[in-house]
Amino acid sequence: VTSPEGLCSLRWNAQSEAVEVIDQTLLPHSLRWCQLRSLESYCHAISAMQVRGAPLIGITAAFGLAQALARDPSTENLQAASAALLATRPTAVNLRWALAAVVTAVQDLEPASRAGAALAQALQLRARDISNCARMGEHGLDLLRALHRAGPLNIMTHCNAGWLATVEWGTALAPIYKAHAAGIPVHVWVSETRPRNQGMNLTAWELQRAAVPYTIVTDSGCGQLLRSGAIDCVLVGSDRTAANGDVCNKTGTYLKALAARANDIPFYVLLPEATIDWHCASGDDIPIEERDEREVLAVTGVDTTGLRREVMLAGSGARAHNPAFDITPAALVSALVTEHGSFEASPAGLQRLRSQISSSSPI
Ligand code: MRU
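What counts, and at which threshold
Residues numbered from 1 in each chain as written. Predicted model: local features only at pLDDT ≥ 70, side-chain atom pairs only at ≥ 80, totals over all residues. Heavy atoms only, no water. Pairing = 2+ DSSP bridges. Helix = DSSP H or I, 4+ residues; strand = E, 2+ residues; numbered from the N terminus. Axes fitted to C-alpha atoms, helices over the stretch in contact; angles between N-to-C directions. Contact = heavy atoms within 4.5 Å. 1 Å grid on protein atoms, 1.4 Å probe; cavity = no way out; pocket = protein on both sides within 12 Å on 5 of 7 lines; lining within 4 Å. Points joined across faces, edges and corners; volume = space filled by probe spheres on them. Nonpolar A, V, L, I, M, F, W, Y, C, P; charged D, E, K, R; others polar. Near = heavy atom within 4 Å. Polar contact = N/O pair within 3.5 Å; in protein donor to acceptor, adjacent residues only side chain to side chain. Areas by Shrake-Rupley, 256 points an atom, 1.4 Å probe, with all protein chains shown as cover. Sits in = over half its atoms within 2 Å of the grid points. Expected span 1.5 Å × (residues − 1). Salt bridge = Lys/Arg side-chain N within 4 Å of Asp/Glu carboxyl O. Buried < 20%, exposed > 50% of the residue type's maximum accessible area, 1.4 Å probe, protein only. Right-handed = clockwise from strand over helix to strand, strands pointing away. Phe/Tyr/Trp six-rings, centres within 6.5 Å; stacked < 30°, edge-to-face > 60°. Lys NZ or Arg CZ within 6 Å of the ring centre and 35° of its normal.

Attention now moves to the sheet that holds strand S5 (residues 186-191). Pairing in this open sheet of seven strands is mixed, and the strands run S6-S5-S4-S7-S10-S15-S16 from one edge to the other. The open sheet terminates on both sides in strands that have one partner only, identified here as strand S6 (214-217) and strand S16 (341-343). For this sheet the average axis-to-axis angle between neighbouring strands, irrespective of direction, equals 25°. Both strand S4 (residues 153-158) and strand S7 (residues 233-236) contribute to a ladder of three bridges, which runs parallel. Counted as the bridge partner of Met 156 is Val 234 from S7. Helix H7 (residues 198-209) rests against S4, S5 and S6 of the sheet, and its axis sits at about 160° to S5.

Let's shift gears to empty space enclosed by the protein. As enumerated under the stated definition, the model contains two cavities of 30 Å³ or more in all. Estimated volume of the largest cavity: approximately 200 Å³. As for the largest cavity, its lining consists of 21 residues, of which Arg 52, Gly 53, Ala 54, Asn 160 and Asp 239 are closest to the centre. Elements represented by at least two residues in the lining of the largest cavity include exactly helix H2 (54-71) and strand S9 (247-250). In the lining of the largest cavity, the residues fall into eight nonpolar, nine polar and four charged.

A few words on the site of the ligand. The local shell around the ligand holds 18 residues, among which Ala 54, Arg 89, Asp 239, Asn 249 and Lys 250 are the closest. Arg 52 is positioned with one of its side-chain polar atoms (N or O) 2.9 Å from an oxygen atom of the ligand. Protein coverage of the free-state accessible area of the ligand, which is 410 Å², stands at 100%. At a threshold of 2 Å from the grid points, most atoms of the ligand map onto the largest cavity. Going through the elements one at a time, H2 and S9 are the ones with two or more residues in the shell around the ligand.

What follows is about helix H11 (residues 347-359). Relative to the 18 Å expected for 13 residues at 1.5 Å per residue, H11 spans 18 Å between its end C-alpha atoms, a close match to the ideal helical length. If you follow the buried residues of H11, they end up packed against strand S8 (240-242), strand S11 (276-277), strand S15 (335-338) and S16.

The next thing to look at is the sheet that holds strand S14 (residues 325-328). With mixed pairing, the four strands of this open sheet are ordered in space as S11-S8-S9-S14. Looking along the sheet, the strands with just one partner apiece sit at the ends: S11 and S14. Of the pairings in the sheet, the one linking S9 to S14 comprises four bridges and is antiparallel in character. Note that in S14 the partner of Val 247 across the bridge is Thr 328.

Moving on: the pattern of salt bridges. The tally for this structure, following the rule as stated, stands at 11 salt bridges. Residue Glu 289 pairs with Arg 89 through a salt bridge whose shortest N-O separation is 2.7 Å. Taken together, the residues Glu 289 in the loop between S11 and helix H10 (294-297) and Arg 89 in the loop between helix H3 (75-86) and helix H4 (94-106) connect sequence positions 200 residues apart. With relative accessibility at 7%, the residue Glu 289 sits in the buried group. Note that Arg 319 and Glu 293 form a salt bridge whose closest N and O atoms lie 3.0 Å from each other.

On to the layout of surface pockets. Each pocket or cavity is described by its volume, and for the second largest pocket that value is around 490 Å³. Lining the second largest pocket are 22 residues, with Thr 25, Arg 196, Asn 201, Thr 300 and Arg 308 positioned closest to its centre.

When you tally the buried positions in S4, you get six out of six residues, the bulk of the element. The alternating pattern of S4 places Leu 153, Ile 155 and Thr 157 and Asn 154, Met 156 and His 158 on opposite faces, both of which are buried. Relative to S5, S4 runs parallel, the two sharing six bridges. Residue pairing across strands places Thr 157 opposite Val 190, the latter belonging to S5. Read from S4 through helix H6 (residues 174-181) to S5, the crossover connection turns out right-handed.

The subject of this paragraph is the side chain of Thr 193. Relative to the helices and strands, Thr 193 resides in the loop between S5 and H7. Within the structure, Thr 193 has its side chain in polar contact with the backbone oxygen of Ser 191 (distance 2.8 Å).

Take the packing of aromatic side chains next. Aromatic rings in a pair are described by how distant their centres are and how their planes are angled relative to each other. Taken as a whole, this structure holds two aromatic pairs when the rule is applied. Seen in terms of ring centroids, Trp 12 and Phe 63 are 6.0 Å apart; in terms of plane orientation they differ by 20°. Their pairing is stacked. You can see Trp 12 sitting in strand S1 (residues 10-13) and its partner Phe 63 sitting in helix H2, a full 51 residues away along the chain. A centroid spacing of 5.9 Å and a plane angle of 55° characterise the contact between Trp 163 and Trp 205, whose relative ring orientation is tilted. Here Trp 205 lies in helix H7 and Trp 163 lies in the loop between S4 and H6, a separation of 42 residues in the sequence. For the pair shown, Trp 163 and Trp 205 are each scored as buried. Seen from the ring of Phe 325, Lys 250 lies directly overhead, with NZ or CZ sitting 4.2 Å from the centre.

Purely geometric stuff here, so don't read any function into it on its own.
Quick look at the structure:
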């Protein structure tokens, strides 16, 4: 399986023994790959959001841990490197999940075998993410087919849940790419996603490259759009989903879910199994990342000469609150769409998913 253009967000270069990632802080104005080798470069790439999106954060960290073990395979370093990577961002549970998968794969091995086994595990997580997203896309496509009448299907999305947030395909964008490829006319309403503008900077860039019709809308314009009858469904991703079906995703998701419910519009969340935190009984247990207020007070872009600049939006001395995520209660979610199929966002629905997982083969 390959995503629409065969492009991916992260690749392992065996010759140079480095991971290559797209520096997402430079999009949409320049497409630049950077190489990660040292533990510091991995930690920086995740915390500075050169790579972002729950699945991609986890996979990047898995490679980071493998490379840290190539330098020093001791148990002390396994623990220290894993802790350093885990501390980079607090909300997306895929980070903890991917690091645990690598630690489990190597901890009982002789130190000399650890780096090779860790790299093999990271490569497997990467491959698994691609096939999971493709499967999620097929399940989401079934829902889109069922909604499609005459004319384009109008889909609203938030933040970036495309291949830039995973390795290929994406979560919420996967069914959209599949529908487009299947000849179902789609039009995507991309909410800009203040303050970092992942919708405008990343989702719009992805859709444009894939020739999927889209329109950017301000975050505050989404409520009226949902009320107007112009939207057929909302598709979003998740950074962590609790055992009761509450969904944590990019700040602004909750308001869309409220407006969707008030207007009887289906609100689907697409997520791989790795995004479910079975230890969180509800969304109240999920840690929400607080980011620097400067992300709200200033904005970075390019000027008319193509020069990258940060400009202040707020007046001098202004203060801001910048939570990066919010919680959408399960009751507002029409279904959770995973690589295993669609499930009700409820304790019973999650239990059904859990039994299905345990009866199929684990990673
Ligand atoms: O802060 P970000 O850009 O890492 O947040 C990303 C999101 O909120 C996505 O919607 C989420 O990771 C799910 S999509 C794979």
